[in-house]
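Observations on the model geometry
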Amino acid sequence: PLSVNHGYVIVGIGINLSTDNFPDDNFRAYIDSFIDADKDGILSESEIMKTTSIDVAGMDIYSLKGTFSKCNELTSIEFNNNKLSNIIDMSYTFQGCKELSEVIIEEGITNIGMGAFSDSAISNIHLPNSLVEIGDSAFYKCINLESIIIPSTVLTYIATIAITKIEKAIFW
């Protein structure tokens, strides 16, 4: 059976490694090589849950669209030196990643999508000067988030619930 969840095509109990779900050829190839352990073209819940890191630095990627929501073992993501301009197509992508504490967001990123890192374990984050928009609930329920540095370039939109429960927010 097919169903759609946050815009992803779900096949049976897994996520199809299709161009609809992973439009970037290089990112899809990375997922196929390093995360789809049984090489069946479908990410099972088990394969997603066992993912500990994603390192696609310098792989000429323009989109990180895919889903790793509730990857309980994911601790870090490295996506610098790519063709990314936004993380807007990553809505809810890393939601509920309870071990995700480190994310480096490079210069050139202009948007962070809705719920992208909500309910994750991020503790500190420095956002790039190129950032202009933070979507609804992007860092919502990040209870470990102690500080966030938001550049003055973020003028377009910061949702009122994009960031909650933090001790220190610096706008510069």
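A word on the environment of D119. Along the chain, the position of D119 falls in the loop between strand 9 (111-112) and strand 10 (124-126). With relative accessibility at 22%, the residue D119 sits in the partly exposed group. Between the alpha carbons of D119 and F94 there is a distance of 8.6 Å; along the sequence they are 25 residues apart. If sequence neighbours within four positions are ignored, D119 has contacts with G96, C97, K98, Y140, K141 and C142.

Time to look at the nonpolar core. Counting 41 residues, the largest nonpolar core has F117 and F139 as its most contacted members. When residues of this core are traced back to their parent elements, those giving at least two are helix 1 (25-34) and strand 12 (147-150). Considering every element that reaches this core, the biggest residue donor is helix 1, with three residues.

Attention shifts here to unusual backbone geometry. Of note in the backbone geometry, D119 takes a positive phi value of approximately 60° without being a glycine. The backbone of K141 sits at a positive phi, close to 60°, despite the residue not being glycine. Within the fold, K141 resides in the loop between strand 11 (133-134) and strand 12.

To continue, consider the packing of aromatic side chains. Inspection of the entire model under this criterion finds four aromatic pairs. Where Y30 meets F34, the ring centres are 4.9 Å apart and the plane angle is 40°; that geometry is what we call tilted. Residue Y30 and its partner F34 are located together in helix 1, separated by four residues, close to a single helical turn. Judged by relative accessible area, Y30 falls into the buried class, the value being 8%. Both rings, one in F94 and one in F117, keep their centres 5.8 Å apart while their planes meet at 5°; by these two values the pair is stacked. Linking F94 in the loop between strand 7 (86-87) and strand 8 (102-104) with F117 in the loop between strand 9 and strand 10, this pair joins segments that are 23 residues apart in sequence. Grouping aromatic residues by their ring pairs yields a cluster made of F94, F117 and F139.

This part is about the sheet that holds strand 6 (residues 76-78). Pairing in this open sheet of three strands is parallel, and the strands run 5-6-8 from one edge to the other. Taken across any chain shown, the strands that pair with only one partner, and hence form the sheet edges, are strand 5 (53-55) and strand 8. On average, each strand axis in the sheet is tilted by 10° relative to the strand beside it, whichever way the strands run. In the sheet, strand 6 pairs with strand 8 via three bridges, with the strands oriented parallel. Counted as the bridge partner of E78 is I104 from strand 8.

Quick look at helix 1 now. All of the buried residues in helix 1 are F27, R28, Y30 and I31. Axial view of helix 1: buried residues confined to an arc of 155°, hence all on one face. Residues of helix 1 that are buried sit in contact with strand 4 (42-44) and strand 5. The N-cap of helix 1, judged by a side-chain oxygen 2.9 Å from the amide nitrogen of N26 a few residues on, is D24.

Taken as a whole, this structure holds three salt bridges when the rule is applied. Ionic pairing is found between R28 and D25, a salt bridge with its closest N-O pair at 2.5 Å. With R28 and D25 both in helix 1 and three residues apart, the pair spans about one turn of that helix. Residue D119 is joined to K98 by a salt bridge in which the shortest nitrogen-to-oxygen separation is 2.7 Å.

Here is what the cut-offs are and how they apply
Residues numbered from 1 in each chain as written. Predicted model: local features only at pLDDT ≥ 70, side-chain atom pairs only at ≥ 80, totals over all residues. Heavy atoms only, no water. Helix = DSSP H or I, 4+ residues; strand = E, 2+ residues; numbered from the N terminus. Buried < 20%, exposed > 50% of the residue type's maximum accessible area, 1.4 Å probe, protein only. Contact = heavy atoms within 4.5 Å. Core = buried A, V, L, I, M, F, W, Y, C linked by side-chain atoms within 4.5 Å. Phe/Tyr/Trp six-rings, centres within 6.5 Å; stacked < 30°, edge-to-face > 60°. Pairing = 2+ DSSP bridges. Axes fitted to C-alpha atoms, helices over the stretch in contact; angles between N-to-C directions. Arc of directions from axis to C-beta. Polar contact = N/O pair within 3.5 Å; in protein donor to acceptor, adjacent residues only side chain to side chain. Salt bridge = Lys/Arg side-chain N within 4 Å of Asp/Glu carboxyl O.

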